[in-house]
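Each chain is listed here by its residues.
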Amino acid sequence: MISPDEALTRVLNSLDRLGNEQVALRDAAGRFLRTDVAARVTQPPFAVSAMDGYAVHGADVAKAPVSLTQVGEVPAGSRFDGTVPRGACVRIFTGGRLPDETDTVVIQENVTAEGEKILVTEPASPGKNVRLAGADFSQGDRLLKGGRRLTPRDVALAAAMNVDVLLVTRRPTVAILSTGNELALPGGDIGDNQILSSNAFGLAAQVEAWGGIALDLGIAKDTEEDLRAKADLARHADFFVTIGGASVGDHDLIQKVLVQDGLEVDFWKIAQKPGKPLIFGRFGDVPMMGLPGNPVSALVCAQLYLKPALFALQGAADPARANKPMQVISGADLPTNDSPRQDYVRATLSRDEAGRLIALPARTQDSGQLATLARADCLLIRPPHAEPSKQGDTIKALRLT
Ligand code: AMP
Ligand code: MG
């Protein structure tokens, strides 16, 4: 058995980033940027008004009331071509380009218009209500860094930078193979002695949420022939995940069969709970993760190891941080962890009156129970042999995503 930290290190060390592709802005959210991206323009490109009002010489409105002469108008998208002498003003609207001589905008709420004249009723300091050229960013600024996973806000920023196509890492295809004679697909009648196959659905959704493309290979029977035939379909994927058959039972065939077909096992068994029997290796050229079949074990292992793996394949700047640890306050006493395995305890999060995150561990932690996993928001991390902890203690946790 190796530690969770070592397991993650070994997974990440064995993976290479995939190739690149160009995507349009519309397809860029959630993708991992390959290179730094610099702004092609300065924003704003010229000084603009931040409000509806009047562009003036700041020196003219240092004191109020003061009367000014309106010499023109400049809506957004146009330019005032005349000159604005001292004592004059130009009607301007939000986003309008500031006439050259002016430096300040008086908001219309502080003005009484009287024909060609306006009466400014409140003083304004020079530069007020003006967004200067380059206040947001300048041409050449490297605003988006390679290795970053693009958020919707990043996509908006790229557009504002006049960048319409981005170089990102290709999305990894992840072949998912469920195994087990007992498994039946949801939605129909299920036969005697059967169990609904749930993991592949959760796993496919996780893969897509983490940037991959899920390829469901269906359910293999617990026979060498069927497992072999279905596993063969994974040879062109970027990553291969099997579910079930990872333990030591008579029908746990994953290692026994796939090793004959070229599986090289890097490690098997991690000192953790749930998810101890996880297998990691390489099936021919394809990195392979053999998840335990218990639904909680499978989905928790995917969170702990598959998510960082997919981030690594996509060239994330720091894939080991795909799951960011956080500090929460325990809402209950926790007993000693009297085992050499790190415990991941399902818990729900809420906030107390001070706004602090309080984690309440689920009463049952059986790795077969999906309902508590679905309800949980995070996993409390209980290191091997952890001392008992008290309600109110601060504990490390990982958010389930
Ligand atoms: P195994 O690791 O194959 O021994 O499976 C452990 C437990 O997980 C058994 O109770 C299986 O029925 C169950 N299981 C295995 N695969 C799945 C799956 N894809 N969906 C739901 N339960 C599963
Ligand atoms: Mg099985």
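Residues numbered from 1 in each chain as written. Chains lettered and ligands numbered in written order. Predicted model: local features only at pLDDT ≥ 70, side-chain atom pairs only at ≥ 80, totals over all residues. Heavy atoms only, no water.

Enquirer: How would you explain the environment of Ala55 if you had to name every residue and give the values?
Expert: Note on placement: Ala55 falls in strand β4 (residues 53-56). For Ala55, a relative accessible area of 0% gives the class buried. Separated by 46 residues in the primary sequence, Ala55 and Glu101 have C-alpha atoms spaced 9.3 Å apart. (Helix = DSSP H or I, 4+ residues; strand = E, 2+ residues; numbered from the N terminus. Buried < 20%, exposed > 50% of the residue type's maximum accessible area, 1.4 Å probe, protein only.)

Enquirer: Lay out the site of ligand 1 with the relevant residues and their values.
Expert: Around ligand 1, 14 residues are found, and the nearest of them are Glu182, Ser198, Gly245, Gly293 and Asn294. Taken by itself ligand 1 offers 490 Å² of open surface, and the protein chains cover 78% of this. Residue composition of the shell around ligand 1, by class: four nonpolar, eight polar and two charged. (Near = heavy atom within 4 Å. Areas by Shrake-Rupley, 256 points an atom, 1.4 Å probe, with all protein chains shown as cover. Nonpolar A, V, L, I, M, F, W, Y, C, P; charged D, E, K, R; others polar.)

Enquirer: Describe the domain arrangement of the chain, listing the residues and the values that go with them.
Expert: Taken as a whole, the chain is organised into domain 1 (4-16 + 171-322), domain 2 (20-42 + 140-169), domain 3 (48-131) and domain 4 (324-399). Averaged C-alpha coordinates put domain 1 and domain 3 at centres separated by 65 Å. (Domains from an automatic or database assignment.)

Enquirer: Account for the sheet that holds strand β9 (residues 117-120), with residues named and values stated.
Expert: Here six strands make up an open sheet; going across it, the order is β7-β4-β6-β5-β9-β8 and the pairing mixed. The sheet is open, and its two borders are formed by β7 (104-107) and β8 (111-114), each paired with just one other strand. Adjacent strand axes in the sheet meet at a mean angle of 40 degrees when their direction is disregarded. Of the strand pairs in this sheet, β4 and β7 are connected by four bridges, and their pairing is antiparallel. (Pairing = 2+ DSSP bridges. Axes fitted to C-alpha atoms, helices over the stretch in contact; angles between N-to-C directions.)

Enquirer: Lay out the sheet that holds strand β16 (residues 213-220) in plain terms, naming residues and giving numbers.
Expert: Here six strands make up an open sheet; going across it, the order is β16-β13-β17-β21-β20-β18 and the pairing mixed. A strand with exactly one partner marks an edge of an open sheet, and here the two such strands are β16 and β18 (263-268). Pairs of neighbouring strands in the sheet enclose a mean axial angle of 20 degrees, with direction left out of account. Sheet topology places strand β13 (residues 173-179) next to β16; six bridges connect them, and they run parallel. If you follow Ala175 over to β16, its bridge partner there is Leu215. Sitting on the sheet, helix α4 (residues 224-232) touches β13, β16, β17 (239-243) and β20 (279-283), and the angle it makes with β16 is about 165 degrees. Strands β13, β17 and β21 (286-291) of the sheet are contacted by helix α6 (residues 295-313), whose axis makes an angle of about 165 degrees with β21. (Contact = heavy atoms within 4.5 Å.)

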